[in-house]
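Chain by chain, the residues:
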Amino acid sequence: IQRRFISLWLGRLQRSINQPARYAFVLILVAGSAIAILTPPLKVADEPDHFTRAYQLAGGDASVHKGGSRYGALLPSGYERELVQLSDTVNLNHDHTAFLDLLGQKPPTGTPVFTQDGTVASYGPGAYVAYLPAIALGKAIGVSLAVDVCLARMAGLLAYALLMSL
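So, how was this worked out
- Residues numbered from 1 in each chain as written.
- Predicted model: local features only at pLDDT ≥ 70, side-chain atom pairs only at ≥ 80, totals over all residues.
- Heavy atoms only, no water.
- Patch = residues over 30% accessible without salt bridge, like charges linked within 9 Å, V, L, I, M, F, W, Y side chains within 5 Å.
- Areas by Shrake-Rupley, 256 points an atom, 1.4 Å probe, with all protein chains shown as cover.
- Salt bridge = Lys/Arg side-chain N within 4 Å of Asp/Glu carboxyl O.
- Helix = DSSP H or I, 4+ residues; strand = E, 2+ residues; numbered from the N terminus.
- Buried < 20%, exposed > 50% of the residue type's maximum accessible area, 1.4 Å probe, protein only.
- Polar contact = N/O pair within 3.5 Å; in protein donor to acceptor, adjacent residues only side chain to side chain.
- Pairing = 2+ DSSP bridges.
- Axes fitted to C-alpha atoms, helices over the stretch in contact; angles between N-to-C directions.
- Contact = heavy atoms within 4.5 Å.

Trainee: With reference to specific residues and values, describe a nonpolar patch on the surface.
Mentor: On the surface, F5, I6, W9, L10 and L13 cluster together into a nonpolar patch covering about 520 Å² of accessible area. Note that F5 resides in helix α1 (residues 2–17).

And the structure:
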């Protein structure tokens, strides 16, 4: 019985060693989760622009809109105010956990208005495919922008881990 158990265990160990994709997947998920969780939302250089474009796409609008001489998106009237509040909380506050107070906020609402934020209009929709279901789910269940950013990050991480482990 012991020999059989050892033989089965060694066989299973050898099969798992011969599958580095599993190790890559787990390593990427662990390291990426740490980065995604420990970095406050919108703290990365152009994350507000990318998130704004993904948020627009998750709402079903892939069009680029023009407001005066600028291009942007049509988003709920409360979106820009809440994005600025989250961004200011993260970037101007010395307490790196201050954004946690914003996790329970209501999602942005209001009639769609033109929002110009950085280079939002220049990003093609294909780059955001992995993020759209997570953001759409967040919008559907009514989470704050801070939670939606975290959901999008985790969806992107999962897609990256899957692609890298292939």
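Trainee: Give me the lowdown on the environment of T97, citing residues and values where you can.
Mentor: Within the fold, T97 resides in the loop between α4 (79–92) and β3 (112–115). Residue T97 is classed as partly exposed on the basis of its relative accessible area of 44%. Taking the C-alpha atoms as reference points, T97 and G78, 19 residues apart in sequence, are found 23 Å from one another. Of the polar contacts made by the side chain of T97, one reaches the side chain of D95; its length is 2.7 Å.

Trainee: Go over the sheet that holds strand β2 (residues 70–76) with me, naming the residues and quoting the values.
Mentor: Pairing is antiparallel across the open sheet formed by three strands, whose spatial order is β1-β2-β3. What marks the edges here is a single partner per strand, and that holds for β1 (65–67) and β3. The mean inter-strand angle of the sheet, taken between neighbouring strand axes irrespective of direction, is 50°. Contacting β1 and β2, helix α3 (residues 47–58) crosses the sheet at an angle of about 55° to β2.

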